[in-house]
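One letter stands for each residue in the lines below.
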Amino acid sequence: MKSIFRQAEGECYLCALLEQMPRYYPPSMLEEHHIFGGPYRKASEKFGLKLNLCKHHHTGDIKGNKDAVHSPDKNDYGDFLMRMAQSKFEETHSREEFRQIFGKSRL
Ligand SMILES: [Zn+2]
Ligand SMILES: [Zn+2]
């Protein structure tokens, strides 16, 4: 399924949110991030809980990975996206459904 989030063409969700430059990436420079990974990756796909991110915000780039959602060093971006995705999911589903599908509530 397509992402349920509105994103402009060429946009990294976090760059746009943080109002960082650049605001447009060519498709080859954007990566698809499944907001709930590991055992929940398939469910993320099924419900469209995924976003396009630039390399810097996804796994890190030559500047390092402190701003990346997959950084081994803890930052708040991954958790922030999970809470945001759960809120969006709960616009059309119950919290109990969320728990059953994604293990636990993050809100
Ligand atoms: Zn970005
Ligand atoms: Zn990812």
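Look a little higher up for the structure.
What you see is a predicted model; the values in this text were computed from it and never measured.

Definitions and cut-offs
Residues numbered from 1 in each chain as written. Chains lettered and ligands numbered in written order. Predicted model: local features only at pLDDT ≥ 70, side-chain atom pairs only at ≥ 80, totals over all residues. Heavy atoms only, no water. Helix = DSSP H or I, 4+ residues; strand = E, 2+ residues; numbered from the N terminus. Rg over C-alpha atoms; globule rule 2.2 N^0.38 Å. Expected span 1.5 Å × (residues − 1). Buried < 20%, exposed > 50% of the residue type's maximum accessible area, 1.4 Å probe, protein only. Contact = heavy atoms within 4.5 Å. Core = buried A, V, L, I, M, F, W, Y, C linked by side-chain atoms within 4.5 Å. Donors = N, O, S within 2.8 Å, 3.2 Å for Na, K, Ca; no water. Pairing = 2+ DSSP bridges.

1. Quick word on the overall build of the chain
If you tally the helices and strands in the chain, you get five helices and two strands. Secondary structure elements in the chain, listed N-terminal to C-terminal, are α-β-α-β-α-α-α. Rg of the C-alpha trace for the chain: 14 Å, near the compact-globule value of 13 Å for 107 residues, within the 12% margin. Its C-alpha atoms give the chain principal-axis dimensions of roughly 40 × 30 × 20 Å.

2. Examining helix H4 (residues 77-89)
With 13 residues, H4 ought to run about 18 Å at 1.5 Å a step, and its terminal C-alpha atoms sit 18 Å apart, in line with that. Along H4, the residues that are buried comprise Gly-78, Leu-81, Met-82, Met-84, Ala-85, Gln-86 and Phe-89. The inward-facing, buried residues of H4 contact helix H1 (13-17), strand E1 (30-34), helix H2 (41-47), strand E2 (50-54) and helix H5 (95-102).

3. Section: the nonpolar core
Judged by nonpolar contacts, the single largest core of 23 residues is most densely connected at Cys-12, Ile-35, Phe-36, Leu-49, Leu-81 and Phe-102. Sorting the residues of this core by element identifies H1, H2, E2, H4 and H5 as the ones contributing at least two each. Looking at this core element by element, the count peaks at five residues for H4. Setting aside chain neighbours within four positions, we find Leu-81 in contact with Tyr-13, Leu-14, His-33, Ile-35, Leu-51 and Val-69.

4. Side note on the coordination of the zinc ion (ligand 2)
Geometrically, a metal with four donors at the corners of a regular tetrahedron has ideal angles of 109.5 degrees, and one with six donors at the corners of a regular octahedron has ideal angles of 90 or 180 degrees. Ligation of the zinc ion (ligand 2) by protein atoms is provided by His-33 (ND1), His-58 (NE2) and His-70 (NE2), these donors lying 2.1 to 2.2 Å from the ion. For the zinc ion (ligand 2), the donor residues sit on a single chain with the sequence spacing H-x24-H-x11-H. Taken together, the residues span a long stretch of sequence, with His-33 in strand E1 and His-70 in the loop between helix H3 (55-58) and H4 at a distance of 37 residues. Exposure remark for His-33: the relative accessible area of 5% places this residue in the buried category.

5. Some thoughts on the pairing of E2
With four of five residues buried, E2 lies mostly within the body of the structure. Two elements, E1 and E2, share five bridges in a ladder whose sense is antiparallel. Looking across to E2, one finds that His-33 is bridged to Leu-51.

6. Here's the deal with unusual backbone geometry
A positive phi angle is found at Glu-19, which is not glycine, with a value near 55°. Tracing the backbone through its elements, the reader meets Glu-19 in the loop between H1 and E1. Judged by relative accessible area, which is 65%, Glu-19 ranks as exposed.

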